[in-house]
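Understanding the architecture of this molecule
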Amino acid sequence: MNRYEFVNLIAPFKDKVFRLAKRLLISTEEAEDATQEVLVKLWSRNSSLDNYNNVEAFAMTMTKNYCLDQLKSKRTGNLQIVHDNFIGKEPSLDKKIEDIDNLNWVEKIIDQLPEQQRLIIQLRDIEQYEFAEIAKIMEMNETAIRVALSRARKTVREFMIKTHSHGIR
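The text that follows walks through the structure, step by step, so that each part is easy to find. Everything numeric here is computed off the predicted structure, so don't read it as measured data.

Quick look at the overall build of the protein now. When you go through the protein residue by residue, the secondary structure sums to eight helices and zero strands. Written out in order from the N terminus, the α and β elements of the protein read α-α-α-α-α-α-α-α. Looking at the protein as a whole, 37% of its 169 residues qualify as buried. Restricting to contacts in the protein with at least 6 residues of sequence separation, those with at least 24 account for 68%. As displayed, the protein offers around 10500 Å² of accessible surface, 49% of which is attributable to carbon and sulfur atoms.

Okay, structure coming up:
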């Protein structure tokens, strides 16, 4: 596979690789480094990439593993999922403030979820992967993915209901 074929192969998902790395590593610079590292590893395997049914899932798995290794090596426990692409039709200022507050609460709740649930929420709700693709990336079966996602969403929902029903902030 030549360089141009390789670029055409990875072009559709290289931004997803970066976004996943950014969500896990937080730092833009570290995410760029992780993305570059994954792409270099893919390039080094370019002759065998045709053997993979889903190169994108393979790349996302590599990204997840690389980022988790980086986090473990730094012993940082501050994984954070940031959802900064919220777009609306110019709501009122108080609605904007309320939305930002709610988003901050959801981020805080997600930060407290187990690592596996955080990754599954990232891949399903933010990156919009199908359950089969997530199962390959996470090396789990689809039923386990659905259960973990359901539990994560339930935790977020219950905390938000509790927060808004009792005014705890």
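Attention now moves to the nonpolar core. In terms of nonpolar packing, the biggest core is built from 45 residues, with Leu42, Ile120, Leu123, Met138 and Ile145 touching the most fellow members. Listing elements by their share of this core, those giving two or more residues are α1 (3–10), α2 (14–25), α3 (28–44), α4 (55–74), α5 (93–112), α6 (115–126), α7 (131–138) and α8 (142–166). Other than its neighbours up to four places away in sequence, Leu42 contacts Phe6, Ile10, Phe13, Leu49, Phe58, Ala59 and Met62.

So, on to the packing of α1 against α3. Where α1 meets α3, the axes come as close as 11 Å, and the angle between the chain directions of the two elements is 130°. With respect to α3, the axis of α1 lies oblique. Where α1 crosses over α3, the handedness of that crossing is right-handed. Along its contact with α1, which presents Arg3, Phe6 and Ile10, the element α3 presents Leu39, Leu42 and Trp43.

Packing of α3 against α4 brings their axes to within 10 Å, and their N-to-C directions diverge by 130°. As summarised for this structure, α3 and α4 are arranged oblique, according to the angle between their axes. In the crossing of α3 with α4, the sense of the turn from one axis to the other is right-handed. On the side of α3, the interface is formed by Glu30, Ala34, Glu37, Val38, Lys41 and Leu42, while α4 contributes Phe58, Ala59, Met62, Thr63, Tyr66, Cys67 and Lys74. Within the contact of α3 with α4, the residues separate by chemical class into eight nonpolar, one polar and four charged.

For α3, built from 17 residues, the straight-helix expectation of 24 Å at 1.5 Å per residue is met to within 8% by its first-to-last C-alpha distance of 24 Å. Inspection of α3 places Ala31, Ala34, Thr35, Val38, Leu39 and Leu42 among the buried residues, and these make up the whole buried set. An end-on view of α3 places all buried positions within 130° of arc, on one side of the element. Facing away from the buried side of α3 by more than 90 degrees, the exposed set consists of Glu29, Gln36 and Ser44. Those residues of α3 that are buried lie in contact with α1, α2 and α4.

A separate point is the side chain of Glu56. With respect to the helices and strands, the residue Glu56 is situated in helix α4. Every residue in contact with Glu56, bar those within four places of it in the chain, is listed here: Phe13, Lys16 and Tyr129.

Here we come to unusual backbone geometry. You will see that Ile26, though not glycine, has its phi angle at about 70°, which is positive. Its place among the elements puts Ile26 in the loop between α2 and α3. Positive phi outside glycine occurs at Gln128, with the angle close to 65°. Along the chain, the position of Gln128 falls in the loop between α6 and α7. Its relative accessible area of 56% is what places Gln128 among the exposed residues.

Among the surface-exposed residues, Glu29, Glu32, Asp33 and Glu37 lie close enough to one another that they form a single negatively charged patch. Locating Glu32 in the fold gives a position in helix α3.

Conventions and cut-offs
- Residues numbered from 1 in each chain as written.
- Predicted model: local features only at pLDDT ≥ 70, side-chain atom pairs only at ≥ 80, totals over all residues.
- Heavy atoms only, no water.
- Helix = DSSP H or I, 4+ residues; strand = E, 2+ residues; numbered from the N terminus.
- Buried < 20%, exposed > 50% of the residue type's maximum accessible area, 1.4 Å probe, protein only.
- Contact = heavy atoms within 4.5 Å.
- Areas by Shrake-Rupley, 256 points an atom, 1.4 Å probe, with all protein chains shown as cover.
- Core = buried A, V, L, I, M, F, W, Y, C linked by side-chain atoms within 4.5 Å.
- Axes fitted to C-alpha atoms, helices over the stretch in contact; angles between N-to-C directions.
- Parallel < 35°, antiparallel > 145°, perpendicular 65-115°, else oblique.
- Left-handed = near helix turned anticlockwise from the far one by under 90°.
- Nonpolar A, V, L, I, M, F, W, Y, C, P; charged D, E, K, R; others polar.
- Expected span 1.5 Å × (residues − 1).
- Arc of directions from axis to C-beta.
- Patch = residues over 30% accessible without salt bridge, like charges linked within 9 Å, V, L, I, M, F, W, Y side chains within 5 Å.
- Salt bridge = Lys/Arg side-chain N within 4 Å of Asp/Glu carboxyl O.
- Lys, Arg positive; Asp, Glu negative; His and termini not counted.
- Charge placed at Lys NZ, Arg CZ, Asp CG, Glu CD.

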